[in-house]
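# What the coordinates show
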Amino acid sequence: MARVLTPRAEDFPRWYQDLIAKAQLADNGPVRGTMVIRPAGYAIWERMQAEMDNRIKLAGAENAYFPLFIPENYLKREAEHVEGFSPELAVVTHGGGKPLAEPVVVRPTSETVIGEFMAKWVDSYRDLPLLLNQWANVVRWELRPRIFLRTSEFLWQEGHTAHADEADARAYARRILHEVYEDMMVNVLAIPVVVGRKTARERFAGATSTYTLEGMMGDGKALQLGTSHELGQNFARAFDITYSAATGGVEHAWTTSWGTSTRMLGGLIMTHGDDNGLRVPPRLAPVQAYLMVVKAGDGVTEAAAKLRDALRDAGVRVALDERVDTPFGRRAVDAELKGYPVRVEVGPRDLAAGNAVIVRRTDGSKTPVPVADVVSAVLAALDADQKALHDEALALRESRTVEVATLAEAIEAAANGWARVPWSAVGVEGEAEANGQGVTVRCLVRADGSVPDSEDEPDLVAILARSY
């Protein structure tokens, strides 16, 4: 397999690119910074969508859709917002062969256009909270593109809500953070995340508070996997989102926004992938059990079809590969590259002994199992390997996170992993110094690991790392 992928230890970025290409997950698009997501990669994204969408709806939000094109003047209404996004904007100046009366922006995010319509739809406190989500594409012109991690166009969900008071908005932003994002990332993606608060320097443009979920990748760098923002009344004032209060009078609403994207696919690859390819956590995998006919004859294909049906009846997402005209070794390598959690190999020799062979992608083990026991063995393997991938990623993070006392020690530690350092030892000036050396404060947490309400709380811990 070393001939198929560059070893991770030798060149991690090259390994990442090799895996995406060889596992047929995505390709570069015709315009620099864009990507084509191939069926194997898109199937994983669809599973991510389904899991995330279900959790978002359980949190009370409803899906809607808003335009791709946003009037330029919308962005200019919230000064900090437009300033934060200006370097990344794609602006359309011509349409239908003629100059446009006003340039339009290809959406980098939808706070402004959704704010415009929230102002139309909200009249009374009875209309609140207004909880919206959309699945869409966005464009942020990227100077240093990397597939899934930073592309000029990517896919995401973005939630936008309006509330009658600050406490309700804060509670909802936190609910999304924990009940939707953290639950999804830990229990489905098997990625242990540190959940914390961004510093003022790292905060989303126009937000009053930004909360983040940070994962450690296989090379020790950090990846921001999702964010949830309190926007205060900034956008409500800019777009006149007001409501008639229960006590009388007119008040501005309090808004939030929150999002995750196809960047999660990059995080999945870099967290769980190995030198043989991708390893997809069973709860996420579009194909959980890959049933392979080793060689035709002696009732093998029929036996494989019966096993497929039995696995499907047990709730397993299963695919049957009976392409015996393609060499088995080549098919097995392809299955490893794509990261199917379990392979079930059915061949004449094993079947004559009443067995099939179960191959687990997580540890590479191969075990002959009586045909009658295949379903129960597959179910047990899927449960065990979901936990194994999470525990392996957690062990890596713990082994490459160090406690330090000074900024200098934190910057040094960030060469190999993460550093936990008292925020009081870093501060605003220290953060700028770290940034100058390619190290960022990923988030702030309390000593017990919980999310602080303010970066001014005493005894906060800063997580410093290099990042994607």
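Up top you'll find the structure we're talking about.
Note that the structure is predicted; figures quoted are calculated from it, not measured. (Residues numbered from 1 in each chain as written. Predicted model: local features only at pLDDT ≥ 70, side-chain atom pairs only at ≥ 80, totals over all residues. Heavy atoms only, no water.)

## Observations concerning the pairing of strand β10 (residues 209–216)
Buried residues dominate β10, accounting for 8 of its 8 residues. Along β10, one buried face is formed by Ser209, Tyr211, Leu213 and Gly215 and the opposite face, lined by Thr210, Thr212, Glu214 and Met216, is buried too. Where strand β9 (residues 193–197) and β10 come together, 5 bridges link them in antiparallel fashion. Note that in β10 the partner of Val194 across the bridge is Glu214. Here 8 bridges tie β10 to strand β11 (residues 222–230), and the two strands are oriented antiparallel to one another. (Buried < 20%, exposed > 50% of the residue type's maximum accessible area, 1.4 Å probe, protein only. Helix = DSSP H or I, 4+ residues; strand = E, 2+ residues; numbered from the N terminus. Pairing = 2+ DSSP bridges.)

## Focus on the side chain of Asp53
Mapped onto the secondary structure, Asp53 falls in helix α2 (residues 39–58). The exposure class assigned to Asp53 is buried, which follows from its relative accessible area of 13%. Engagement of the side chain of Asp53 in a polar contact is seen with the side chain of Trp135, the distance being 2.9 Å. Contact partners of Asp53, with chain neighbours within four places excluded, come to Asn63, Asn133 and Trp135. (Polar contact = N/O pair within 3.5 Å; in protein donor to acceptor, adjacent residues only side chain to side chain. Contact = heavy atoms within 4.5 Å.)

## Overview of the sheet that holds strand β5 (residues 90–95)
A sheet is described by the order of its strands in space; here 3 strands give the open sequence β4-β6-β5, paired in antiparallel fashion. The sheet is open, and its two borders are formed by β4 (69–71) and β5, each paired with just one other strand. This sheet shows a mean twist of 50 degrees between the axes of neighbouring strands, independent of strand direction. Examined bridge by bridge, β5 and strand β6 (residues 98–106) share 5 bridges and lie antiparallel to one another. (Axes fitted to C-alpha atoms, helices over the stretch in contact; angles between N-to-C directions.)

## Considering helix α1 (residues 12–22)
Every buried residue belonging to α1 is among Phe12, Trp15, Tyr16, Asp18, Leu19 and Ile20, and all of these are buried. Next to the buried residues of α1 lie β1 (26–28) and α8 (263–272). Among the residues of α1, the N-terminal cap falls to Asp11, whose side-chain oxygen and the backbone nitrogen of Arg14 are separated by 3.1 Å. Gln24 sits one or two positions beyond α1 and adopts a positive phi of about 55 degrees.

## What about the pattern of salt bridges?
In total, this model carries 27 salt bridges according to the counting rule given. Across the pair Glu51 and Arg47 runs a salt bridge whose closest N-O atoms are separated by 3.0 Å. One end of the pair is Glu51 and the other is Arg47, both in helix α2 and 4 residues apart, which spans about a single turn. There is no split in this pair, since Glu51 and Arg47 are both buried. Of the charged contacts in the structure, one is a salt bridge between Asp385 and Arg360, with a shortest N-O distance of 2.5 Å. In this pair, Asp385 is assigned in helix α12 (residues 374–399) and Arg360 in strand β18 (residues 355–360), connecting sequence segments 25 residues apart. On the basis of relative accessibility, which here comes to 2%, the residue Asp385 falls in the buried class. Here the salt bridges do not stand alone but share partners, grouping Arg47, Glu51, Arg55 and Asp183 into one network. (Salt bridge = Lys/Arg side-chain N within 4 Å of Asp/Glu carboxyl O.)

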